[in-house]
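Spelled out from the first residue to the last, the chains are:
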Amino acid sequence: MNLSELFLTFPEMSKESLRMFRKSVDGAYRNFSREYGDTIEAVFDPVLYFLVWFEKLLQNSPWPLIILAILILVYLGSRSIYLTIGSLIALLLIGYFGMWEDTMSTVSIIGVCTFMSIGLGIPIGIAMSNSDRARAAITPILDVMQTMPSFVYLIPVVMLLGIGKIPGLLAVIIYAIPPIIRLTDLGIREVDKEVLEAADAFGANKAQKLFRVQLPLALPTIFAGINQTIMMALAMVVIASMIGVKGLGQPVLKAITNQYFTMGLLNGLAIVALAIIFDRVSQSFGKRLQQHRSGSRE
Amino acid sequence: MNKTKIKITNLYKIFGNNSKKYISSVRDGMSKDELLSKYNHVLGLDNINLNVEDQSIQVVMGLSGSGKSTLIRHINRLIEPTEGTVTVDGEDITKLNKMDLLEFRRNKTGMVFQRFALFPHQNILDNVQFGLSIKNLDKSDSIERAMYWIEKVGLTGFENKFPNQLSGGMQQRVGLARALATDPDILLMDEAFSALDPLIRTDMQDQLLDLQKNLNKTIMFITHDLDEALKLGDRIAILNGGKLVQDGNAEEILLKPADQYVANFVKDVNRIKVLKIKTILDQGGERANSNPTVNVNDSIENCMPAILESQSGLNVIDEKNNFVGSVSKNKIIDILQKSKD
């Protein structure tokens, strides 16, 4: 082999060893999932029950009641009459075009994903803000979670848990949880050092500092994280529908494969409407939280 | 003389990752600059020895970077010393464990910060209550105590406002009320009035002196402003580059500066405004009826009219109107002469 050849073609490993490598990893994982798949699935059973219960609740309750509940939440969150009226019109149109049931499925999975992301993400974010070492360890994992194409981690999830709601939920959470972790960490780290010093000077212990000073002051930033998490969860709806999650994603998928333009557009617009409602409500709520927190100087 | 409340002994602070390693070199006389250039460590405090009298106002003065904020943070151990001890009421607080340190901070010290450091998410009442709520006191009791201090600092009616709705002076009054609400023996004030504009600052100084008359706290007051130091301090400690260069009362600092640094510091001060009659008093002697009478605690400046109409000097009386001594006119002229130099 002469030198120019060495530079022109990459000295790669042989096809044979690459095949062996893939085969052994796949085999090991397949064995693992055969062995522990059921156990792991059982772990997620409570989540599944909750998800199903929540979806049924949304779908089986009378629609005017649901709309009323949503509008009350919108108004409490945003204190804006325009946004409330806009939401009403959007919801009525969604129902009129026959997308009510799918929308409720989507709302339920987004809701559960958001709650789980908050429940998991905030403690992780707190741990990260507490130690630089934890931060150094977690940050690259978050980078991978956000940039790895979701199809790639769908493969092992589906291998392990099959097709259905739980794998979809996991896929959505993996994609949507990083912002809330990052922004919890950021929000706590951004708390004014002098204010923390004051808390120290009055003899506050770690828990008192966290719950009375750090978390309340970080709340607007954390809320920005929640907002991002909801948006990203919505963005995953179509992909999640590929592994059997019901909701607005499925008609979109059907529309792609059959070239039903109007069907795709309507369902897409429904997703957009949900996104705008969620976004505006959580943003204006976050802004209201910020009112008195912008520092103690005039 | 009162008993010693805070006793600082051989206190060193070196900032850097390996501070313990260089302590012996510093003790052997390595300078701040040498430590920085050779080992990249910063000498914060260099062998500080200071006794703070109970119920007195001890001012610590110095330019920025002189270590005064570092020193005050050793009293409640917001900064850990590299070496040396700080005792409060005879107890070495550098030896306290975590829990005891929290208790010490909750009960013994209150702190007021240069830039207020109020909790922006809490209203004034909750800010003032903070120290009390940390101690998990009974809610209604702590509200009552907080309201008492809000009234004391003149902020009644503002208890439901938030810090960013208040002016700087008002915010610092909240800071003062917050520090006093837990009724600590020791009040640590880190450039507490430096961020306020001059009129408000004078106001706050007067208010502090006024409060102190009844409270009798031990106050450690950091400032870079000599006028403030002279006005407030029973004793004034002057720091330069982490070293304590002089500790004395206003007269000692003014009349016998320990070195050129202190002399430069005090050279522009209006002495007759600061010096009191008692510092130039000749005790005993006879009352000269032809001379006017002044109080022992008056400043020389305040006695100027009396000085002008006097024949040979002043009669001096104490607070109870007892004759305590006299001041000759020549002595006053001498002081006036000196203050012109």
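Residues numbered from 1 in each chain as written. Chains lettered and ligands numbered in written order. Predicted model: local features only at pLDDT ≥ 70, side-chain atom pairs only at ≥ 80, totals over all residues.

> How should the overall build of chain A be read in this particular structure?
For chain A, the helix and strand inventory stands at 13 helices and zero strands. Of the regular secondary structure in chain A, the N- to C-terminal order runs α-α-α-α-α-α-α-α-α-α-α-α-α. Projected onto its principal axes, the C-alpha positions of chain A cover 75 × 60 × 45 Å. Evaluated residue by residue, chain A yields a buried proportion of 35% over its 298 residues. Sequence separation of at least 24 residues holds for 77% of the intrachain contacts in chain A that already meet a minimum separation of 6. (Helix = DSSP H or I, 4+ residues; strand = E, 2+ residues; numbered from the N terminus. Buried ≥ 20, exposed ≤ 12 C-beta atoms within 10 Å, placed from the backbone. Contact = placed C-beta atoms within 7 Å.)

> How should the interface of chain A and chain B be read in this particular structure?
Think of interface size as the accessible area that goes away when the parts come together; that is how it is often given. Between chain A and chain B, the residue contacts involve 20 residues of the former and 23 residues of the latter. At the level of elements, α9 (193-201) and α10 (206-235) of chain A are the ones that each hand at least two residues to the side of chain A that touches chain B. With six residues, α9(A) is the largest single contributor of residues to the side of chain A that touches chain B. Here the side of chain A that touches chain B is composed, by residue class, of eight nonpolar, seven polar and five charged. (Nonpolar A, V, L, I, M, F, W, Y, C, P; charged D, E, K, R; others polar.)

> Before we go on, may I ask you to explain the domain arrangement of chain B in this structure?
Assigned domains within chain B: domain 1 (4-108 + 184-269) and domain 2 (273-340). The gap between the C-alpha centroids of domain 1 of chain B and domain 2 of chain B is 34 Å. (Domains from an automatic or database assignment.)

> Is there a simple way to explain the sheet that holds strand β2 (residues 42-53) of chain B in this structure?
Each strand in a sheet pairs with another by means of backbone hydrogen bonds, the pair being arranged parallel or else antiparallel. All names here are of chain B. Pairing in this open sheet of four strands is antiparallel, and the strands run β2-β1-β4-β5 from one edge to the other. Looking at strand neighbours, the two that pair on one side only are β2 and β5 (91-92), the edges of this open sheet. By the bridge criterion, five bridges tie strand β1 (residues 4-15) to strand β4 (residues 83-88) in an arrangement that is antiparallel. Pairing of I6 across the sheet is with V88, part of β4. Against the sheet, helix α3 (residues 68-75) touches β1, β2 and β4, its axis set at about 60° to β2. (Pairing = 2+ DSSP bridges. Axes fitted to C-alpha atoms, helices over the stretch in contact; angles between N-to-C directions.)

> Teacher, can you tell me more about the confidence of the model for chain B here?
Low pLDDT marks stretches whose predicted atomic positions should not be read closely. Per-residue pLDDT for chain B has a mean of 89; in total, 99% of the residues score no lower than 70. Across the interfaces of the predicted complex, the ipTM metric reaches 0.84, alongside a pTM of 0.84. (pLDDT = per-residue confidence, 0-100.)

> Even after reading the chapter, I still don't get the sheet that holds strand β9 (residues 235-240) of chain B, so can you show me in this structure?
All names here are of chain B. What the six strands build is an open sheet, ordered β6-β7-β8-β3-β9-β10; its pairing is mixed. In this open sheet, the two edge strands, each paired with only one partner strand, are β6 (109-112) and β10 (243-248). Between one strand axis and the next, the sheet turns through 15° on average, direction left out of account. As defined by bridge partners, β9 adjoins β10 across five bridges and the pair is classed as antiparallel. Looking at β10, one finds that A237 is bridged to D247. Contacts from helix α7 (residues 168-181) reach β6 and β7 (186-190), with the element oriented near 175° to β6.

> Could you clarify how one ought to interpret the environment of B:D268 in this entry?
Residues and elements named next belong to chain B. Within the secondary structure, D268 is located in the loop between α11 (260-266) and α12 (271-274). What makes D268 exposed here is the crowd of 8 C-beta atoms within 10 Å. Separated by 96 residues in the primary sequence, D268 and Q172 have C-alpha atoms spaced 29 Å apart.

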